[in-house]
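Structural overview
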Amino acid sequence: MARAPRRDDERKPMPNNIHPGRVMALDLGEKRIGIALSDPTRTIASAHSVLARRSRLEDTAHYRRLIAENGVNLLVIGLPMTLGGREGERAGWVRDYAADLAERLPVPIVFWDESLSTVEAEAALRAQGRRGRKLRQRIDAVAATVILQSYLDAQRGATPDDF
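Residues numbered from 1 in each chain as written. Predicted model: local features only at pLDDT ≥ 70, side-chain atom pairs only at ≥ 80, totals over all residues. Heavy atoms only, no water.

**Quick word on the overall build of the chain**
Here is the rule: Strands are runs of DSSP state E lasting at least two residues, helices are runs of H or I lasting at least four, and both sets are numbered from the N terminus onward. For every residue, the accessible area (1.4 Å probe, protein chains only) is compared with the maximum for its type, and the residue is labelled buried under 20%, exposed over 50%, or partly exposed between those bounds. In what follows, residue pairs with any heavy atoms lying within 4.5 Å of each other are defined as contacts. Surface exposure here means Shrake-Rupley accessible area, sampled with a 1.4 Å probe, where a residue is shielded only by the protein chains that are shown.
Within the chain, the secondary structure is distributed over 4 helices and 5 strands. The N-to-C order of helical and strand elements in the chain reads β-β-β-α-β-α-β-α-α. Classification of the 163 residues of the chain by burial places 38% in the buried group. In the chain, of all internal contacts separated by at least 6 residues, the share reaching a separation of at least 24 is 66%. Surface summary for the chain: the accessible area is close to 9400 Å², and the carbon and sulfur share equals 51%.

**Points about the side chain of E114**
How we decide: In this tally, Lys and Arg are treated as positive and Asp and Glu as negative; His is ignored, and so are the chain termini. What makes a salt bridge here is a side-chain nitrogen of Lys or Arg within 4 Å of a carboxyl oxygen of Asp or Glu, nothing more.
Note on placement: E114 falls in the loop between β5 (109-113) and α3 (117-127). Look at E114: it is buried, it has no salt bridge, and the nearest opposite charge is R90 at 6.8 Å. Every residue in contact with E114, bar those within four places of it in the chain, is listed here: D27, G78, L79, P80 and I147.

**Focus: helix α1 (residues 56-70)**
The periodicity of an α-helix, 3.6 residues per turn, causes residues three or four positions apart to be oriented the same way. Put simply, the rule reads: Expected span, for any helix, means 1.5 Å times one less than how many residues it has. The directions considered for the arc run from the helix axis to the C-beta atoms.
An ideal rise of 1.5 Å per residue puts 21 Å on 15 residues; α1 measures up with 21 Å between its terminal C-alpha atoms. Looking at α1, one finds that the buried residues are D59, T60, Y63, L66 and I67. Projected down its long axis, α1 carries its buried residues within an arc of 120°, all on one side. The exposed residues of α1 that point more than 90 degrees off its buried face are L57, A68 and E69. In this structure, the buried side of α1 is in contact with β1 (22-28), β2 (32-38), β3 (45-52), β4 (72-79) and α2 (91-104). Immediately downstream of α1, the backbone of G71 shows phi near 65°, a positive value.

**Some details on α2**
With 14 residues, α2 extends 20 Å from end C-alpha to end C-alpha; this agrees with the ideal 20 Å at 1.5 Å per step. Looking only at α2, the buried set comprises A91, V94, Y97, A98, D100 and L101. The inward-facing, buried residues of α2 contact β1, β2, α1, β4 and β5.

**A short note on the pattern of salt bridges**
All chains considered together, the criterion is met by 6 salt bridges. Residues E30 and R90 are paired through a salt bridge, measuring 3.7 Å at the closest nitrogen-oxygen approach. Of this pair, E30 sits in the loop between β1 and β2 while R90 sits in the loop between β4 and α2, and the two are 60 residues apart along the sequence. The partner of D100 in a salt bridge is R104, and the shortest N-O contact between them spans 3.2 Å. Residue D100 and its partner R104 are located together in helix α2, separated by 4 residues, close to a single helical turn. Using a relative accessible area of 16% as the deciding quantity, one classes D100 as buried. Look at R104 and you get partly exposed, because its relative accessible area is 31%.

Right, here's the structure in full:
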């Protein structure tokens, strides 16, 4: 028996076992965009690349290629949130960028809290001995990985009845 949708259904994560396939995450910045991809089982997130921002059209073309080449069927975008749980000041720009992408990309988009992802990424890179330029070159991709892994971990154990 089908149940009536709950009001908060749109905010709940999608369980990994309902829609298998890769997930791509973006950590949107003013100059660079960090990109991460999951494995096909949606268990492990890995840093993919850092894209130097150009125009939305060029960015979108790059994402389309990655989606096609990697069999991506969901896009997670980091949403700036305050530590108090409210949307941060850049959240409006991120939502506008994502709305533009939603019109041009063949996959659904979900937002995920990116709080402290860059701090965690920097700590991980420093622990690996990366400093200066080497750290700056990878930090955005690693931040996207932190966002994506958080999303994937939250999905683990969810069942269709949870939705």
